[in-house]
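Notes for the structure review
Residue-level listing of the chains:
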Amino acid sequence: MYVGEGFGLTQMEKVIGLARANSIWPLPFATSCCGIEFMATMAATYDLGRFGAERLSFSPRQADLLMVMGTIAKKMGPVLKQVYTQMAEPKWVIAVGACASSGGIFDTYSVLQGIDKVIPVDVYVPGCPPPPEAILDGILKIQELIKHEPIRRRQSEEYNQLLQSYNID
Ligand code: SF4
């Protein structure tokens, strides 16, 4: 940013990034214990509202951050993918906890070994369960990604190829 007497100049891309990063509308896709940690993250002590992300959305069409928290059974994979595809661009994804990131302790035939088998993930939050501090850290990391995302990334060939690798149009 360039600041002079009585004026300031910056790039539109930076302003848009800043606005997007500080007005996230998360969709909590919580299936088990990690979801309880998210409830604590929303409550008064940790207060996700301090980061401008307190407006949760249970409709994919009014959300831009998919937060997947908990064990995802393989039969839930297509449902998760449908929720993701119904979200408008630009959208981001956090895998919260070991189960969403890698299947966690459930190395079994019925559990998806990480949600990145069905949708692209931007940030992984480690832990079983991750405490609210770790979830907040994941939010801060996604805010950094959003702030610095090039405004044309979603139209780029690389992004299209990423979606195509997941069979998403
Ligand atoms: S990572 Fe641990 S706490 Fe989170 S859903 Fe899996 S088993 Fe539960």
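Look above for the structure.
Analysis parameters
- Residues numbered from 1 in each chain as written.
- Predicted model: local features only at pLDDT ≥ 70, side-chain atom pairs only at ≥ 80, totals over all residues.
- Pairing = 2+ DSSP bridges.
- Helix = DSSP H or I, 4+ residues; strand = E, 2+ residues; numbered from the N terminus.
- Axes fitted to C-alpha atoms, helices over the stretch in contact; angles between N-to-C directions.
- Contact = placed C-beta atoms within 7 Å.
- Near = placed C-beta within 6 Å.
- Buried ≥ 20, exposed ≤ 12 C-beta atoms within 10 Å, placed from the backbone.

A few words on the sheet that holds strand E5 (residues 92-96). Spatially, the four strands line up as an open sheet ordered E3-E4-E5-E6, and their pairing is parallel. Here the strands that pair on one side only, and so sit at the sheet edges, are strand E3 (26-30) and strand E6 (123-125). On average, each strand axis in the sheet is inclined to that of its neighbour by 20°, with strand direction left out of account. Across the sheet, helix H2 (residues 33-42) lies against E3, strand E4 (65-69) and E5, angled at about 145° from E3, the strand it touches most. The sheet contacts of helix H5 (residues 132-147) involve E4, E5 and E6, and relative to E5 the element is tilted by about 160°.

Now for the site of the ligand. Taken together, Ser 32, Cys 33, Cys 34, Gly 70, Thr 71, Gly 97, Ala 98, Cys 99, Gly 104, Cys 128 and Pro 129 make up the full set of residues adjacent to the ligand. Elements supplying a minimum of two residues to the shell around the ligand: H2 and helix H4 (97-102). Tallying contributions element by element places H4 first for the shell around the ligand, with three residues.

This part is about unusual backbone geometry. In this structure, Pro 90 follows Glu 89 across a cis peptide bond, with omega equal to -5°. Here Pro 90 lies in the loop between helix H3 (77-86) and E5. Residue Pro 129 is bonded to the preceding Cys 128 through a cis peptide linkage, with omega at -5°. For Pro 129, the position within the fold is in the loop between E6 and H5. A positive phi angle, close to 50°, is found at Asp 47, a residue other than glycine. Position of Asp 47 among the secondary structure elements: in the loop between H2 and E4. Residue Asp 47 is classed as partly exposed on the basis of its C-beta count, with 13 C-beta atoms lying within 10 Å. At Asn 167, a position not held by glycine, the phi torsion is positive, near 60°.

Geometric values such as these leave the question of function open.
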